[in-house]
Amino acid sequence: VLLCGDWSNVSPGAREEERRILYVGMTRARESLTIYACMNRGKPFLPELSGESFAPRREGPVPRADAGGARDYRVIGVGDLYMDYAGGCDEDDCIHAALRLLSVGSALAPEMQGDFIWLLAPARQRVARLSADATREWARLLPSVLEVRVLCMVVRRKSDCKDAKYQDRLKVEEWELPVCEVTLAAD
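Per chain, residue numbering runs from 1 following the sequence as it is written. Predicted model: local features are reported for residues with pLDDT of at least 70 only, side-chain atom pairs are reported and counted for 80 or more only, and whole-chain, interface and lining totals are derived from all residues. No hydrogens and no water enter the side-chain calculation; it runs on all heavy atoms of the structure.

**A closer look at helix α1 (residues 15-27)**
Piece 1. Numbering goes from the N terminus for both helices and strands, where a helix is a DSSP run of H or I of at least four residues and a strand is a run of E of at least two. Given a helix with a known number of residues, its expected span is that number minus one, times 1.5 Å. Spanning 13 residues, α1 covers 18 Å between terminal C-alpha atoms, matching the ideal 18 Å at 1.5 Å per step.
Piece 2. Throughout this description, buried means an accessible area under 20% of the type-specific maximum (1.4 Å probe, protein chains only), exposed means over 50%, and partly exposed covers the range between. Those residues of α1 that sit buried are Leu22, Gly25 and Met26. Mapping the buried residues of α1 onto a view down its axis gives an arc of 100 degrees, with all of them on the same face.
Piece 3. The contact criterion used throughout is that any non-hydrogen atoms of two residues lie within 4.5 Å. For α1, the elements touching its buried residues are β1 (2-4) and β2 (34-36). As used here, the arc is the angular range of directions from the helix axis to the C-beta atoms.

**A word on the nonpolar core**
Piece 1. Among the nonpolar cores identified, the biggest contains 32 residues, and Ile76, Leu108, Leu119, Val127, Leu130 and Trp138 are the most heavily contacted of them.
Piece 2. With five residues, strand β8 (residues 174-185) is the largest single contributor of residues to this core.
Piece 3. Contacts of Leu108, omitting those with residues within four sequence positions, involve Leu102, Leu119, Leu120, Ala121, Val127, Val148, Val150, Pro178 and Cys180. Buried Ala, Val, Leu, Ile, Met, Phe, Trp, Tyr and Cys residues that are joined via side-chain atoms within 4.5 Å together make up what is termed a nonpolar core.

**Overview of the sheet that holds strand β4 (residues 107-113)**
Piece 1. Pairing is antiparallel in the open sheet, where six strands are placed in the order β3-β8-β7-β4-β5-β6. Sheet topology places β3 (71-76) and β6 (126-129) at the edges, where each strand pairs with a single neighbour. Adjacent strand axes in the sheet meet at a mean angle of 35 degrees when their direction is disregarded.
Piece 2. By definition, two strands form a pair when at least two bridges between them are found by DSSP. Where β4 meets strand β7 (residues 145-157), two bridges bridge the pair, whose relative direction is antiparallel. Residue pairing in the sheet places Leu108 in a bridge with Val148 of β7.
Piece 3. The strands touched by helix α3 (residues 132-139) are β3, β4, β5 (116-120) and β8; relative to β5, the strand with the most contacts, the crossing angle is about 85 degrees. Working convention: axes come from line fits to C-alpha atoms, limited for helices to the stretch in contact. Angles between N-to-C directions cover 0 to 180 degrees.

Spatial relationships are all this shows, so hold off on functional conclusions.
Here is the structure:
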């Protein structure tokens, strides 16, 4: 569940109503809950949320390419990735260390290697592979890619793979996937 709200203008009379609405939204989460709040606005309820289940993070804007020229933006989401690639690597494989080093705004390089497009970390370490369908779509866009930046990291678990044949090939219980924003030169 993703909750986005601006509680900065909540009047004292409406405060309890807003708290109830927040509570209802929070209790709908089954696996994860993310609450977004603008840093420059009031957050009267968020300081009340604490404990080991809460991991507050402060993020700045994702760096953008030079503003010169027309740009187009696309997202490489989890549906575009071969989601179990890193899961098939041993726990001590360098891919897992490279994935742990990625954060919001990290730059990745897309590169066609063999039959697939790979996302490479700055040290040229493969951190993700596009699916066959996404490779076909992105292969024509590759020449116009100006930059690829991580938007967020998603955790995938071995139990998320429902096909027993593929699940048996996975070597770790969980791993991360980078969801990325791609800046393209608009033609």
